[in-house]
Amino acid sequence: GKEIVKCVKKAYEESKKSNTTVVMLIPARTDTAYFHDYIYHKAKEIRFVKGRLKFGQSKNAAPFPSMVVVF
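Let me sum up the structure you'll find in this document. In this text the structure is predicted, and so the values were computed from the model without any measurement.

### Some remarks on the pattern of salt bridges
Piece 1. If you walk through the whole model with that rule in mind, you get four salt bridges.
Piece 2. In this structure, Glu14 and Lys17 form a salt bridge, with 2.9 Å as the shortest nitrogen-oxygen distance.
Piece 3. Given a relative accessible area of 47%, Lys17 falls into the partly exposed group.
Piece 4. A single salt-bridge network, built from bridges that share partners, covers Lys10, Glu14 and Lys17.

Right, here's the structure in full:
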């Protein structure tokens, strides 16, 4: 919810500093305002992860698609 919005906004703002690269692995929520306000047409690169992520020995995958965003 609001935490992801704050994190994405902070990442975008920090990326404007000189010699700064910010990389985020976040849910691919392309229908949100924060995606259009801070990522789309502003990020240097967006990579959508094929399939759903699993971490460690987890039997269950994440219930959402993911993306890597580079500012």
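### Concerning the side chain of Ser15
Piece 1. Inspection of the secondary structure puts Ser15 in helix H1 (residues 2–15).
Piece 2. The residues touching Ser15, leaving out its near neighbours within four places in the chain, are Thr20, Val22 and Phe71.

Reading guide: rules and limits
- Counting restarts for each chain: residues are numbered from 1 in the order of the written sequence.
- Thresholds applied to this predicted model are a pLDDT of at least 70 for local features of residues and 80 or more for the giving and counting of side-chain atom pairs; totals over whole chains, interfaces and linings are not thresholded and use all residues.
- Each side-chain value is derived from all of the structure's non-hydrogen atoms; neither hydrogens nor water enter the calculation.
- Salt bridge, as used here: a side-chain nitrogen of Lys or Arg that lies within 4 Å of a carboxyl oxygen of Asp or Glu.
- Here's how the labels work: a residue is buried when its accessible area is under 20% of the maximum for its type, exposed when over 50%, partly exposed in between, all with a 1.4 Å probe on protein chains only.
- The way it works is that DSSP assigns letters per residue, a run of H or I at least four long becomes a helix, a run of E at least two long becomes a strand, and they are numbered from the N terminus.
- Any two residues whose heavy atoms approach within 4.5 Å at even a single point are treated as in contact.

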